[in-house]
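# Structure assessment
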Amino acid sequence: MSMIQKNKNAKWFIFAFLVLAAIYVLLPIVVVLMNSFKGRLFISTEPFRLPSTNPDNSTFVGLANYVTGITKIKFFKAFGYSLWITVASVAGILLVSSMLAWFITRVKNKFTSGVYYSLVFSMIVPFQMVMFTMSKMANLLHLDNPFGIILIYIGFGCGMSTFMFSGFIKSIPLSMEEAAMIDGATPPQIFFHVIVPMLKSTGITIAILEIMWVWNDYLLPYLTIGTDYKTIPIAIQYLRGGYGAVDMGAMMAMLVLAMLPVVIFYLSCQKYIIRGVLSGAVKG
């Protein structure tokens, strides 16, 4: 077999593998979307069947599941809490971690090295190891509200984002900052006018990853703000009734609405992901 034929076979094998991987990832989403338009009884008995308007066996219920779910869980109120917590937390993570990354990259001493490696270490510590201590401290410090939880998210999110920002900042020539300093720029001006514009790709990549984490997070809000301020993941669980009864139709509909904002944001910014990851991995 010639080398050309081997390369062609390898490409077809990779293509087939990627198609199967895409089907494996997308199939659950398609199933949830289909079932969000079906009656609750048909979701259990015929989960993989397309919604049908056949008069003899109609499974299609239109937007009834969406209306029921929005009404039951007060979706728009939960959406407001989720939106506020996600936007504020991610904005805080981007600001704090980018400034911290610039500082520990440009100032070389034992303190900055200790901070950097502490943040890297925090990336491998499972949340379950600290969740009970964290929830107790959040209660003592009065962080168990939609404003206090933002500080907690910033703390948990700074590890990965600082690591990625640091990797990219190390590749920025120091001469650019020195030139700005000679022109009379102060450190804040150097950071916001020289460094920040070059962090766009990495920043968008980090923003996408952090938004998907904060928006979909269930455990941290449940442990800190509980049921007083229900985010979407917490609100959806209240579609489960007594004795294990679940309104599957409304739950599927709410899952679709919960996924929609993140999917839209991801699709609109996906071109920056690979670019940002590669730029953040230029130097370790």
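To keep things clear, this report deals only with the structure shown in the data block. Keep in mind that what you see is a predicted model, and the values were worked out from it rather than measured. (Residues numbered from 1 in each chain as written. Predicted model: local features only at pLDDT ≥ 70, side-chain atom pairs only at ≥ 80, totals over all residues. Heavy atoms only, no water.)

### So, a nonpolar patch on the surface
So the rule is basically this: For patches, a residue must show more than 30% relative accessible area and have no salt bridge; joins then use 9 Å for like charges and 5 Å for nonpolar side chains, namely Val, Leu, Ile, Met, Phe, Trp and Tyr. Areas reported here follow the Shrake-Rupley algorithm with a probe of radius 1.4 Å; residue values treat only the protein chains shown as occluding. Basic side-chain nitrogens of Lys or Arg form a salt bridge, by our definition, when they fall within 4 Å of a carboxyl oxygen of Asp or Glu. Helix and strand definitions here come from DSSP, where helices need a minimum of 4 consecutive H or I residues and strands a minimum of 2 consecutive E residues; each element is numbered from the N-terminal end.
A cluster of nonpolar side chains, contributed by Trp-12, Phe-15, Val-19, Leu-20, Ile-23 and Leu-27, occupies part of the molecular surface with about 640 Å² of accessible area. Turning to its location among the elements, Trp-12 is positioned in helix H1 (residues 3–35).

### Thoughts on the packing of helix H4 (residues 75–106) against helix H7 (residues 148–169)
Note the following rule: Angles run from 0 to 180 degrees between N-to-C directions of axes, and those axes are lines fitted to C-alpha atoms, restricted for helices to the stretch in contact. The cut-offs work like this: below 35 degrees is roughly parallel, past 145 is roughly antiparallel, 65 to 115 is roughly perpendicular, and the gaps in between are oblique. Each helix crossing is assigned a hand: it is left-handed if the near helix lies turned anticlockwise from the far helix by less than a right angle, otherwise right-handed if that turn is clockwise. Under the convention adopted here, Pro, Cys and the residues Ala, Val, Leu, Ile, Met, Phe, Trp and Tyr are nonpolar, Asp, Glu, Lys and Arg are charged, and Gly plus all remaining residues are polar.
Where H4 contacts H7, the axes come no closer than 7 Å and their chain directions differ by 45°. It follows from the interaxial angle that H4 and H7 lie oblique. Classified by chirality, the crossing of H7 by H4 is right-handed. For the contact of H4 with H7, the residue count by class is 17 nonpolar, 9 polar and 1 charged.

### Some details on empty space enclosed by the protein
Short version of the rule: Residues are called lining when one of their atoms sits within 4 Å of a cavity or pocket point, these points coming from a 1 Å grid over the protein atoms alone, where a cavity is a set in which a 1.4 Å probe fits but cannot get out and a pocket is an open set with protein on both sides within 12 Å along at least five of seven lines. Grid points are joined across faces, edges and corners, and a volume is the space filled by probe spheres set on the points.
In total, this model carries 1 cavity of 30 Å³ or more according to the counting rule given. When its volume is computed, the largest cavity comes out at roughly 60 Å³. Lining the largest cavity, in full, are Ser-82, Ile-85, Thr-86, Ile-149, Tyr-153, Val-214, Trp-215, Asp-217, Pro-221, Thr-231 and Pro-233. Secondary-structure elements contributing two or more residues to the lining of the largest cavity are H4, H7 and helix H10 (200–216). Ranked by residues supplied to the lining of the largest cavity, first place goes to H4 with 3 residues. Broken down by class, the residue content of the lining of the largest cavity amounts to 7 nonpolar, 3 polar and 1 charged.

### Topic: the pattern of salt bridges
The condition that has to hold: Exposure is judged per residue with a 1.4 Å probe applied to protein chains only, and the accessible area is read against the type maximum: over 50% gives exposed, under 20% gives buried, and values in between give partly exposed.
Counted under the stated rule, the structure contains 2 salt bridges. Notably, a salt bridge pairs Glu-46 with Arg-49, separated by 2.9 Å at the nearest N-O pair. Accessibility expressed as a relative area gives 25% for Glu-46, which makes it partly exposed. A salt bridge links Arg-106 to Glu-177, with the nearest nitrogen and oxygen atoms 2.7 Å apart.

### What about the packing of aromatic side chains?
Quick reminder of the rule: Working definition: a ring pair exists when centres of Phe, Tyr or Trp rings (six-membered ring for Trp) sit within 6.5 Å. Plane angles under 30 degrees give stacked, over 60 give edge-to-face, the rest tilted. Either the NZ atom of lysine or the CZ atom of arginine qualifies as a charge over a ring when it sits within 6 Å of the ring centre and within 35 degrees of the ring normal.
Taken as a whole and judged by the stated rule, the model has 15 aromatic pairs. A ring pair is formed by Phe-79 and Trp-215, whose centres lie 5.6 Å apart and whose planes are at 75°; its orientation type is edge-to-face. Residue Phe-79 is located in helix H4, and its partner Trp-215 is located in helix H10; the two are separated by 136 residues in the primary sequence. For Phe-79, a relative accessible area of 24% gives the class partly exposed. A residue is classified by how much of its surface remains accessible, and Trp-215, at 5% relative accessible area, is buried. Ring plane angle 40° and centroid distance 5.5 Å describe the contact between Trp-102 and Phe-191, whose orientation is recorded as tilted. One end of the pair, Trp-102, is in helix H4; the other, Phe-191, is in helix H9 (residues 187–198), with 89 residues separating them in the sequence. Take Trp-102: its relative accessible area is 16%, and that puts it in the buried class. Taken together, Phe-75, Phe-76, Phe-79 and Trp-215 form an aromatic cluster joined through their ring pairs. Note that Lys-170 overlies the ring of Tyr-116, its terminal NZ or CZ placed 5.2 Å from the centroid. Taking NZ or CZ as reference, Lys-230 lies 4.2 Å from the ring centre of Tyr-238, over its face.

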